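What follows is the residue order along each chain.
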Amino acid sequence: MISADATLVVRAPAHTPLDTIEQFVGKNTDWIKRTLARLQKRPQVKQKQFVRGEEFLFLGESHPLEVQNDTDQPLDLRDGFILNAKEQSRGRELFIEWYKNEAKKIIAARVEWWAQRFCLAYKSVNITCANRRWGSCAPNDRLNFSWRLVMAPISVIDYVVVHELAHITHKNHSRRFWNRVEAMYPDHKDAKTWLRENEGMLNL
Ligand SMILES: [Zn+2]
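Caption draft 1: Quick peek at the pairing of strand β4 (residues 81–84). Side chains of β4 alternate between two faces, with Phe81 and Leu83 buried and Ile82 and Asn84 left unburied. Bridge count for strand β2 (residues 61–68) against β4 is four bridges, and the pairing is parallel. Residue Gln68 lies in a different strand from β4, and its bridge partner there is Asn84. Pairing analysis gives three bridges linking strand β3 (residues 75–77) to β4, with the strands arranged antiparallel. Across the sheet, residue Asp76 finds its bridge partner in β4, namely Ile82. Between β3 and β4, which follow one another and run antiparallel, lie three residues.

Caption draft 2: Examining the sheet that holds strand β7 (residues 142–146) more closely. With mixed pairing, three strands are arranged side by side in an open sheet as β5-β7-β6. The open sheet has two edge strands, β5 (124–128) and β6 (135–137), and neither has a second partner. Across this sheet, the average inter-strand angle for adjacent strands is 20°, counted without regard to direction. The pairing of β6 with β7 spans three bridges and is classified as antiparallel.

Caption draft 3: Structural detail: the pairing of strand β1 (residues 55–58). Two elements, β1 and β2, share four bridges in a ladder whose sense is antiparallel. Across the sheet, residue Phe58 finds its bridge partner in β2, namely Glu61. Between β1 and β2, which pair antiparallel and follow one another directly, the connecting turn spans two residues, one of which, Leu59, has a positive phi of 50°.

Caption draft 4: Examining the nonpolar core more closely. Counting residues in each nonpolar core, the largest one holds 27 residues, and the members touching the most others are Ala103, Ile107, Phe145, Leu149 and Val160. Tallying contributions element by element places helix α4 (residues 154–169) first for this core, with eight residues. Ignoring any residue separated from it by four or fewer positions in sequence, one finds Ile107 in contact with Val125, Ile127, Phe145, Leu149, Ile157 and Val161. Counting residues in each nonpolar core, the second largest holds five residues, with Phe50, Leu65, Phe81 and Leu83 among its members.

Caption draft 5: Fine view of helix α3 (residues 91–117). In this model α3 runs 38 Å from its N-terminal to its C-terminal C-alpha over 27 residues, within 8% of the 39 Å that 1.5 Å per residue would give. Along α3, the positions that sit buried rather than exposed are Gly91, Trp98, Tyr99, Ala103, Ile107, Arg110 and Val111. Looking at the buried positions of α3, the neighbouring elements they touch are β3, β4, β5, β7 and α4. Just downstream of α3 lies Cys119, where phi reads positive at about 50°.

Criteria and cut-off values
- Residues numbered from 1 in each chain as written.
- Predicted model: local features only at pLDDT ≥ 70, side-chain atom pairs only at ≥ 80, totals over all residues.
- Buried ≥ 20, exposed ≤ 12 C-beta atoms within 10 Å, placed from the backbone.
- Helix = DSSP H or I, 4+ residues; strand = E, 2+ residues; numbered from the N terminus.
- Pairing = 2+ DSSP bridges.
- Axes fitted to C-alpha atoms, helices over the stretch in contact; angles between N-to-C directions.
- Core = buried A, V, L, I, M, F, W, Y, C linked by C-beta atoms within 7 Å.
- Contact = placed C-beta atoms within 7 Å.
- Expected span 1.5 Å × (residues − 1).

Written out as structure tokens, the structure reads:
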């Protein structure tokens, strides 16, 4: 596999001879080159430093960070994000807390709206720290969503919400499930493409 940061990872059983692995890599160089080229074209996955001028996503829009001395809140979003200089070392923690808080409000409201529209009953909405799993629907119809999703445009959030709500009726990814998603949210393909191309950006 090739991970999101464009590192090649070859997994093999513990006793696989090295030349077998090398042969495997040799046979797959075309695929490896193609995949690496595609990944390198995608927006870069870069660890945030929480410094002035750095950009942070919220609902698909990029906002620059300001670090200021006299602010009443540790972190706030006005024209851009404003981080209290005294809290700079806690930047990551504060951003996660902020995103989680917004995710809870925004995603819960979108779930409620779509559930009412299609007369679906869910148990609860929970916000998780999942890395790549944007949402899930438990057997008891409790819905989970990653806080990272609030970095994405609302149209993408809506797709994930509709996807999980559709699992209330179909607990699988069968043809009937996808037909249901298609009927509820005809733009689902665009949202899926956006997630595939930008997932590396939905991180700190
Ligand atoms: Zn699913």
